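Here is how the chains run, residue by residue.
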Amino acid sequence: MTPAPLRAPDHLTLALPKGRILEEAIALLSQAGLPLTLPEKSRALRHEFPGVTVLELRNQDVPVYVDLGVADAGIVGKDVLIESGREVYEPVDLRFAQCRLSLIREVGATAPIVRVGTKYPRAARAYLNARGIPAEVVKLSGNIELAALTGLAEAVIDLVQTGSTLRANNLEEKEVLFESSARLIVNRAALKLRRERLRPLIERLRELVTEDRPA
Ligand SMILES: Nc1ncnc2c1ncn2[C@@H]1O[C@H](COP(=O)(O)OP(=O)(O)OP(=O)(O)O)[C@@H](O)[C@H]1O
Ligand SMILES: O=P(O)(O)OC[C@H]1O[C@H](OP(=O)(O)OP(=O)(O)O)[C@H](O)[C@@H]1O
């Protein structure tokens, strides 16, 4: 196998998630001065721009690529970052993709919580342990709320934004575990090696998010 070519210190590799974050991430990074455009729909997974490579990943894989240094930086939801358990440098709260991770039950449910369905087993266990609730955590992959509707679980832990999914399914939010938004994450070694590219990017993104929404 041929070794991977060394990347020049003035080249950036970014890990971005496909899905709802991609478009806004590309728009913000372009505003910050990177020569990026939204990739055309295709099966290509790696997109080349002048001086920048974009790796298009699943959300959960963004912290892995950044922590292991395959990507210099990435954008990912705080929810996914917490769940990953990876302690990467997180210099900018980008303030989009705002939502919260909450404990959700059917309206009026009072039965003891025996099972909890979630896409976030690590956060769920930490929450249940802190509350002293001896429930089993069942890892699910999507449409998590169905678990509470079908009796698979007495409660679910999932994201809420507008609350319309809850209202449409006769569910209610019982407690917020934490708030989430998109974050810039950076590999610590890359921050030194590619300082000239990463420092101005961090500064510009900080300016852009505070310009958008003054405190
Ligand atoms: N309804 C929502 N409103 C605002 N932000 C959201 C909402 N749902 C999810 N998010 C945020 O956007 C991120 C990406 O969500 P997206 O829906 O693209 O992921 P997904 O397709 O469920 O993930 P995957 O299939 O890769 O597990 C989430 O990690 C969260 O931070
Ligand atoms: O409060 P709301 O505005 O209704 O948003 C919350 C919903 O959005 C997300 O689901 P998504 O649409 O991403 O589908 P998924 O369950 O397949 O991830 C999340 O899992 C909730 O179901």
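Counting restarts for each chain, with residues numbered from 1 along the sequence as it is written. Following the order in which they are written, the chains are lettered starting with A and the ligands numbered starting with 1. The predicted nature of this model means local features are confined to residues of pLDDT at least 70 and side-chain atom pairs, given and counted, to a pLDDT of 80 or more, with totals for whole chains, interfaces and linings taken over all residues.

- Going by an unreviewed UniProt entry, the protein chain carries the name ATP phosphoribosyltransferase and comes from Deinococcus radiopugnans ATCC 19172.
- The record in UniProt for the protein chain states the following under Subcellular location (unreviewed entry): "Cytoplasm".
- UniProt positions are given in the numbering used here, feature names are shortened, and annotations may be inferred rather than shown by experiment. Entered under Catalytic activity (unreviewed entry) in the UniProt record, the comment concerning the protein chain runs "1-(5-phospho-beta-D-ribosyl)-ATP + diphosphate = 5-phospho-alpha-D-ribose 1-diphosphate + ATP".

## Comments concerning the overall build of the protein chain
Line of reasoning, step 1. Strands here mean DSSP runs of E at least two residues long; helices mean DSSP runs of H or I at least four residues long; both are numbered from the N terminus. Helix and strand counts for the protein chain come out as eight helices and 11 strands.
Line of reasoning, step 2. Referenced to the eigenvectors of the C-alpha coordinate spread, the extents of the protein chain come out at roughly 60 × 45 × 35 Å.

## Quick look at the site of ligand 1
Line of reasoning, step 1. The immediate surroundings of ligand 1 are formed by 13 residues, with Gly 19, Arg 20, Gly 77, Cys 99 and Gln 161 found nearest.
Line of reasoning, step 2. Tallied by class, residues from the shell around ligand 1 come to five nonpolar, five polar and three charged.
Line of reasoning, step 3. Residue contributions to the shell around ligand 1 reach at least three from each of two domains, namely domain 1 (12-97 + 181-212) and domain 2 (99-179). Each residue receives a C-beta atom placed from its backbone. It is near a molecule or strand if this atom lies within 6 Å of it. Any residue outside Ala, Val, Leu, Ile, Met, Phe, Trp, Tyr, Cys, Pro, Asp, Glu, Lys and Arg is labelled polar, Gly included; the first ten of those are nonpolar and the last four are charged. Domain ranges listed in this record stem from an automatic or a database domain assignment.

## A word on the sheet that holds strand 4 (residues 73-77)
Line of reasoning, step 1. Strand pairing follows a simple DSSP-based rule, namely that at least 2 bridges must link the two strands. Spatially, 2-3-1-4-11-5 is the arrangement adopted by the six strands of the open sheet, whose pairing is mixed. Whereas interior strands pair on both sides, the edge strands pair on one side only; in this sheet they are strand 2 (46-49) and strand 5 (89-93). Direction aside, neighbouring strands of the sheet carry axes that sit 25° apart on average.
Line of reasoning, step 2. Relative to strand 3 (residues 52-57), strand 2 runs antiparallel, the two being bridged by four bridges. In the strand pairing of strand 3, Glu 48 is matched with Thr 53. For helices, the fitted axis covers only the stretch in contact; all axes are lines through C-alpha atoms, and the angles between them, taken along N-to-C directions, range from 0 to 180 degrees.

## As for the sheet that holds strand 7 (residues 115-118)
Line of reasoning, step 1. Spatial ordering of the open sheet is given by 8-7-9-6-10, a layout of five strands whose pairing is mixed. One side of each edge strand has no neighbouring strand; the edge strands of this open sheet are strand 8 (136-139) and strand 10 (171-180). Each strand of the sheet is rotated relative to its neighbour by a mean of 30°, with strand direction disregarded.

## Some thoughts on the domain arrangement of the protein chain
Line of reasoning, step 1. As far as domains go, the protein chain holds domain 1 (12-97 + 181-212) and domain 2 (99-179).
Line of reasoning, step 2. Here the residues of the side of domain 1 that touches domain 2 are counted per class, giving two nonpolar, one polar and two charged.

## A word on the site of ligand 2
Line of reasoning, step 1. If you check the shell around ligand 2, you find Gly 142, Asn 143, Ile 144, Glu 145, Asp 158, Leu 159, Val 160, Gln 161, Thr 162, Gly 163, Ser 164 and Thr 165 and nothing else.
Line of reasoning, step 2. Within the residue set of the shell around ligand 2, elements represented by two or more residues are strand 9 (155-160) and helix 6 (164-168).
Line of reasoning, step 3. Element by element, the count of residues in the shell around ligand 2 is highest for strand 9, at three residues.
Line of reasoning, step 4. Counted by class, the shell around ligand 2 contains three nonpolar, seven polar and two charged residues.

## A closer look at the nonpolar core
Line of reasoning, step 1. The biggest cluster of nonpolar side chains holds 34 residues, and the ones touching the most others in it are Ala 15, Ala 25, Val 66, Ala 73, Ile 75, Leu 184 and Ile 185.
Line of reasoning, step 2. Those elements giving two or more residues to this core turn out to be strand 1 (12-17), helix 1 (22-31), strand 3, helix 2 (62-67), strand 4, helix 3 (78-84), strand 11 (182-186) and helix 8 (195-212).
Line of reasoning, step 3. We call two residues in contact when their backbone-placed C-beta atoms lie within 7 Å. Ignoring any residue separated from it by four or fewer positions in sequence, one finds Val 66 in contact with Ala 15, Ala 71, Ala 73, Gly 74, Val 88, Ile 185 and Asn 187.
Line of reasoning, step 4. Among the nonpolar cores identified, the runner-up in size contains 16 residues, and Leu 101, Ile 104, Ala 124 and Ala 155 belong to it. Any set of buried Ala, Val, Leu, Ile, Met, Phe, Trp, Tyr and Cys residues joined through C-beta atoms within 7 Å is what this text calls a nonpolar core. Backbone-placed C-beta atoms define the burial measure: a residue is buried with 20 or more other C-beta atoms within 10 Å of its own, exposed with 12 or fewer, and partly exposed in between.

## Some points on the pairing of strand 10
A regular strand places its side chains on the two faces of the sheet in alternate fashion.
Line of reasoning, step 1. Counting buried residues along strand 10, only one of its 10 residues qualify, which leaves the element largely exposed.
Line of reasoning, step 2. Here strand 6 (residues 99-106) runs beside strand 10; their pairing, made up of eight bridges, is antiparallel. Paired with Leu 103 across the two strands is Glu 175, which belongs to strand 10.

## Focus: helix 1
Note on helix geometry: an α-helix contains 3.6 residues per turn, so any two residues three or four positions apart are oriented the same way.
Line of reasoning, step 1. Every buried residue of helix 1 is accounted for by Ala 25, Ile 26, Leu 28 and Leu 29. The buried residues of helix 1 occupy an angular sector of 165° when the element is viewed end-on, so they sit on one face.
Line of reasoning, step 2. The first or second residue beyond helix 1 is Gly 33, which carries a positive phi of 110°. Taken from the helix axis, the directions to the C-beta atoms give the arc we talk about.

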